[in-house]
Amino acid sequence: MGLEQAHTMILETAAVPPIAKNGYVIGCEETREGVLIDPGDEVDQLLDAVRRHALSIRYILLTHAHFDHVTGVGRAKRELGVPVGLHRDDEFLYRAVVQQGAAFGLPVEPQPPIDFFYEGAGPWRFGHYGVWVSHTPGHSPGGVCLAVGKEAEQSRSLFVGDTLFAGSIGRTDLPGGDTATLLRSIREVLFKFPDETPVYSGHGESTTIGRERKTNPFLNSAWSS
Ligand SMILES: [Zn+2]
Ligand SMILES: [Zn+2]
């Protein structure tokens, strides 16, 4: 480290009842370009954060298409006018968002069409940062990990959707879910990142790759290896 203070990525999160799903706003501290990740029912708080930081949003990026992660897409897109990205293998879930909500007894509005499917790893850029996309199926067929960092630097922050949680893993009993596939995604994609890598999940507290590698009971017991 030199004398100059390290700059830090803008990062805001919000979650609201009844599901308390995390939506994220991330931004380049120098250029004020940003990205919205998984806007759900907390979309108004996310849009407030966009205004507070005076961000110019480039993309709305989805980790997967369970209804709680996409209920704010329409509102965000109307306000921001930017394209929405998803993995192709979750499009069937996205198209069924109203029915997904009904299965949980919750009214859900239809959402606008997806603008692009992730092709290759990216990066999708905002300011000096990039978002690299890795396919991490298991919780849903088109689940992805969004690895975010400065192009000129090695360190990444992971936005993992519902693949991995602090002390837990995503459920696999919803359509297209598969436990063996989920565990493989965590071990072969997420655990390739260094221990200090921050992990921002779709629900609950943030964690790190090292903490989950060492203490997550679903990834440490003999039966899961
Ligand atoms: Zn989910
Ligand atoms: Zn979720």
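You'll find the structure just up there.
Residues numbered from 1 in each chain as written. Chains lettered and ligands numbered in written order. Predicted model: local features only at pLDDT ≥ 70, side-chain atom pairs only at ≥ 80, totals over all residues. Heavy atoms only, no water.

Considering the overall build of the protein chain
Right, on to step 1. Scanning the protein chain for helices and strands turns up seven helices and 14 strands.
Right, on to step 2. Since a compact globule built from 225 residues should have a radius of gyration of about 17 Å, the 17 Å found for the protein chain is in line with a globular shape.
Right, on to step 3. Considered along the principal axes of its C-alpha atoms, the protein chain spans approximately 50 × 40 × 30 Å.
Right, on to step 4. For the protein chain, restricting intrachain contacts to residue pairs at least 6 apart in sequence, the fraction spanning at least 24 positions comes to 58%.
Right, on to step 5. Accessible surface, the protein chain as shown: approximately 10,400 Å² in total, 53% of it carbon and sulfur. (Helix = DSSP H or I, 4+ residues; strand = E, 2+ residues; numbered from the N terminus. Rg over C-alpha atoms; globule rule 2.2 N^0.38 Å. Contact = heavy atoms within 4.5 Å. Areas by Shrake-Rupley, 256 points an atom, 1.4 Å probe, with all protein chains shown as cover.)

Some words on the coordination of the zinc ion (ligand 2)
Right, on to step 1. The protein atoms that coordinate the zinc ion (ligand 2) are Asp 68 (OD), His 69 (NE2), Asp 162 (OD) and His 203 (NE2), at distances spanning 2.1 to 2.5 Å.
Right, on to step 2. If you look at the zinc ion (ligand 2), its four donor atoms make angles of 90 to 161° with each other, and the shape they trace is irregular.
Right, on to step 3. In the primary sequence, the donor residues of the zinc ion (ligand 2) line up as D-H-x92-D-x40-H.
Right, on to step 4. For the pair the zinc ion (ligand 2) and the zinc ion (ligand 1), the metal-to-metal distance amounts to 3.4 Å, and Asp 162 bridges them. Of the two residues, Asp 68 is situated in the loop between strand E4 (56-61) and helix H2 (73-80) and His 203 in the loop between strand E13 (198-201) and strand E14 (207-208); the sequence distance between them amounts to 135 residues. (Donors = N, O, S within 2.8 Å, 3.2 Å for Na, K, Ca; no water. Tetrahedral: all angles 85-135°; square planar, octahedral: opposite > 155°, others 65-115°.)

Concerning the coordination of the zinc ion (ligand 1)
Right, on to step 1. Within the protein, His 64 (NE2), His 66 (ND1), His 139 (NE2) and Asp 162 (OD) serve as the donor atoms for the zinc ion (ligand 1), at 2.1 to 2.4 Å.
Right, on to step 2. Exposure remark for His 139: the relative accessible area of 4% places this residue in the buried category.
Right, on to step 3. A relative accessible area of 5% means that Asp 162 is categorised as buried. (Buried < 20%, exposed > 50% of the residue type's maximum accessible area, 1.4 Å probe, protein only.)

As for helix H5 (residues 179-188)
Right, on to step 1. Among all positions of H5, only Thr 181, Leu 182, Leu 183, Ser 185 and Ile 186 are buried.
Right, on to step 2. Next to the buried residues of H5 lie strand E11 (164-165), strand E12 (168-169) and helix H7 (217-220).
Right, on to step 3. N-capping of H5 is provided by Asp 178, with a side-chain oxygen placed 3.5 Å from the backbone N of Ala 180. (Polar contact = N/O pair within 3.5 Å; in protein donor to acceptor, adjacent residues only side chain to side chain.)

Details of the pattern of salt bridges
Right, on to step 1. Applying the stated criterion across every chain yields a total of 16 salt bridges.
Right, on to step 2. Salt-bridge contacts for Asp 44 lead to Arg 75; the nearest nitrogen and oxygen are separated by 2.7 Å. You can see Asp 44 sitting in helix H1 (residues 43-52) and its partner Arg 75 sitting in helix H2, a full 31 residues away along the chain.
Right, on to step 3. Overall, Asp 44 belongs to the partly exposed group, its relative accessible area being 38%.
Right, on to step 4. The partly exposed category is assigned to Arg 75, whose relative accessible area is 32%.
Right, on to step 5. Salt bridges linked by common partners bring Asp 44, Asp 48, Arg 51, Arg 75 and Glu 79 together as one network. (Salt bridge = Lys/Arg side-chain N within 4 Å of Asp/Glu carboxyl O.)

Observations concerning the pairing of E13
Right, on to step 1. Sheet analysis places strand E10 (residues 157-161) next to E13, joined by three bridges and oriented parallel. Across the sheet, Phe 159 pairs through a bridge with Tyr 200, a residue of E13.
Right, on to step 2. The sheet contact formed by E13 and E14 spans two bridges and is antiparallel. Paired with Pro 198 across the bridge in E14 is Thr 208.
Right, on to step 3. The hairpin turn running from E13 into E14, its antiparallel successor, is five residues long, and Gly 204 in that turn takes a positive phi close to 80°. (Pairing = 2+ DSSP bridges.)

A closer look at the pairing of E10
Right, on to step 1. Of all five residues that make up E10, five are buried, and the element is covered over most of its length.
Right, on to step 2. The two faces of E10 match: Ser 157, Phe 159 and Gly 161 on one face and Leu 158 and Val 160 on the other face are all buried.
Right, on to step 3. Sheet analysis places strand E9 (residues 144-150) next to E10, joined by three bridges and oriented antiparallel. Directly across from Val 148, in E10, lies its bridge partner Ser 157.
Right, on to step 4. Counting the residues that bridge the hairpin from E9 to E10 gives six residues.

Keep in mind that these numbers describe shape and distance, not what the molecule does.
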